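Report on the structure
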Amino acid sequence: MDLTDQPCSLKEDFGDPSGLAELPRSSKSDSSMKGTDHSGTHTDATDNLKEELEKLKERLVKAEKQKDELLLSKLSADRERDEAQDELGKLMDLEVEQYKENLVIKENQERHLNTVKQQNIELQREIQKLQDDLAAKGSEVSQDFWIKRDIPKKKMKFTGMENAGNEETFLNTCCLYHIAAKIPFSLQQRQALLTFEEEDVAQKLIRRGKHTVSLDNGKIDLTAMPVTLETGVKFELHVTISGEEINVSDIPDIQIPDEWIRDKLELNFYKSKQGGGEVKNVSYDRRSHTATITFLRPGVADNFMRCTTHPFCINEKRFMLSVSPSIEKHLEKFQIFSGISKRTLLLSGTHEVEEDEESMQDMIEIHFQKPSNDGGEIESIKYVATGTKLAYFEEDTETVA
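Residues numbered from 1 in each chain as written. Predicted model: local features only at pLDDT ≥ 70, side-chain atom pairs only at ≥ 80, totals over all residues. Heavy atoms only, no water.

Some remarks on the side chain of H238
Positionally, H238 belongs in strand β5 (residues 218–249). Taking relative accessible area as the criterion, H238 reaches 17% and is therefore assigned buried. A polar contact is formed between the side chain of H238 and the side chain of E332, at a distance of 3.0 Å. Sequence-distant contacts of H238, defined by excluding residues within four places in its chain, comprise C175, L176, E328, K329, H330 and E332. (Helix = DSSP H or I, 4+ residues; strand = E, 2+ residues; numbered from the N terminus. Buried < 20%, exposed > 50% of the residue type's maximum accessible area, 1.4 Å probe, protein only. Polar contact = N/O pair within 3.5 Å; in protein donor to acceptor, adjacent residues only side chain to side chain. Contact = heavy atoms within 4.5 Å.)

Some remarks on the environment of F269
Note that F269 resides in helix α5 (residues 258–270). With residues up to four places along the chain from it excluded, the contact list for F269 reads I246, V248, G276, G277, V279, I293, F295, F304, H310 and L321.

Description of unusual backbone geometry
One non-glycine residue, R190, lies in the positive phi region at around 60°. Within the secondary structure layout, R190 lies in the loop between β2 (183–187) and β3 (191–196). With a phi close to 55°, K333 is a non-glycine residue in the positive phi region. Note on placement: K333 falls in strand β9 (residues 317–348). A relative accessible area of 57% means that K333 is categorised as exposed.

Considering the pairing of strand β8 (residues 309–314)
Side-chain direction in a regular strand flips from residue to residue, so the side chains alternate between the two faces of the sheet. As paired elements, β8 and β9 share six bridges and run antiparallel to each other. Residue pairing for β9: T309 is matched across the bridge by S322. (Pairing = 2+ DSSP bridges.)

Some points on the packing of aromatic side chains
This structure, assessed with the given rule, holds two aromatic pairs. Note on F185 and F393: the rings are 6.2 Å apart at their centroids and 85° apart in plane angle, and the pair reads as edge-to-face. Highlighted residues: F185 in strand β2 and F393 in strand β11 (residues 389–393), separated in sequence by 208 residues. Judged on exposure class, the residue F185 and its partner F393 are both buried. Summarising the aromatic geometry, the rings of F235 and F334 are spaced 5.9 Å apart at their centres and angled 20° between planes, so their arrangement reads as stacked. Taken as a pair, F235 in strand β5 and F334 in strand β9 lie far apart in primary sequence, 99 residues in all. (Phe/Tyr/Trp six-rings, centres within 6.5 Å; stacked < 30°, edge-to-face > 60°.)

Topic: the pattern of salt bridges
For the structure shown, the criterion picks out 11 salt bridges. The shortest N-O distance in the salt bridge between R262 and E259 comes to 3.7 Å. Of the two residues, R262 and E259 are both situated in helix α5; the distance of three residues between them amounts to about one turn of the helix. Taking relative accessible area as the criterion, R262 reaches 25% and is therefore assigned partly exposed. By relative accessible area, which is 44% here, E259 ends up partly exposed. Put simply, R287 and D285 hold a salt bridge, and the shortest N to O gap is 4.0 Å. With relative accessibility at 78%, the residue R287 sits in the exposed group. With a relative accessible area of 30%, D285 lands in the partly exposed category. Where salt bridges share partners, they join K74, D78, R81 and D82 into one cluster. (Salt bridge = Lys/Arg side-chain N within 4 Å of Asp/Glu carboxyl O.)

Here is the structure:
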């Protein structure tokens with residue numbers, strides 16, 4: 001039975017509620033014939049009908065109650081549906097407003113981005129123009145210029161001769177460096193190094209060995225020893241800066257044949273307004289993005305040394321190449337030597353004292369400067385109170401005849 005349907009009338013289902021409407025009517029003769037024999041049966045049927053009627057009434061009450069509850073649930077569901085629809089409508093309106101706001105923000109950002117891009121393009125053009133002007137100004141500066149101050153004069157001496165291969169050799173810049181590596185010496189805690197002006201003074205103190213130095217709060221015994229150094233190296237570094245070659249790097253990697261790039265480089269460095277000249281040879285290496293430009297006329301390479309960059313146009317694009325001089329280097333007269341410092345001695349044997357490092361160093365210096373202590377003029381002194389420090393020795397050229 002569907003509880004939402006209208007309850008049926010009891011009269012329709014069960015007829016007269018009294019239960020007596022459809023009872024068969026018997027004649028008096030029949031009734032009188034039965035008499036009291038059937039009175040008990042009639043009473044039982046009536047009771048059964050009454051009980052059935054009560055049950056049906058209870059079912060009717062329950063059905064009415066369920067119907068009311070369903071109606072209330074339906075009303076509540078309708079109210080929640082209406083509220084949900086209102087909330088959905090508000091959310092949709094809010095989404096539309098946010099979409100419009102985002103659309104306006106996006107348009108403003110795109111407009112601002114276009115403005116910034118245009119400004120960047122104008123700035124790039126201005127920068128490129130300034131770079132071109134700078135390169136043009138640099139190329140206009142003559143290699144020969146006046147110096148508005150006196151150039152110091154130095155004494156020169158003849159050192160030797162060599163065969164000149166051609167006239168271009170005289171346009172190269174040749175440099176010679178005499179290099180002697182410094183020899184490190186580890187100076188331990190409570191040790192001191194003293195270098196005297198006279199070698200005899202240091203050697204006399206080393207031969208004496210033991211020395212007693214007076215301090216503010218007592219005395220200490222020191223031992224003078226020669227300084228044992230590691231082996232050192234010296235060599236000559238010969239550097240030749242070419243007057244007709246330059247090195248070019250940062251060449252863009254463009255998918256065109258190497259011959260084309262060489263031609264582009266030759267044309268680019270041939271332009272006289274940029275300080276160039278006729279090119280003798282172009283050596284290009286795609287893997288390292290570098291090239292070596294050799295000019296036919298010596299001295300042209302010097303024009304490109306005033307600027308470290310040079311413009312390069314290819315495929316309607318502009319790049320900046322790095323330009324550097326072509327330098328040839330080689331070593332000569334490499335020597336290994338054993339270092340000996342005859343004017344320096346090592347003092348050790350000091351124990352922990354109350355004086356600080358500077359005071360202790362001053363007292364040692366005072367003691368070994370006195371002639372009465374076989375001392376002399378001290379050129380340098382270094383005392384280490386705590387830790388370990390490195391002292392460096394280099395060739396003593398002043399004593400070399």
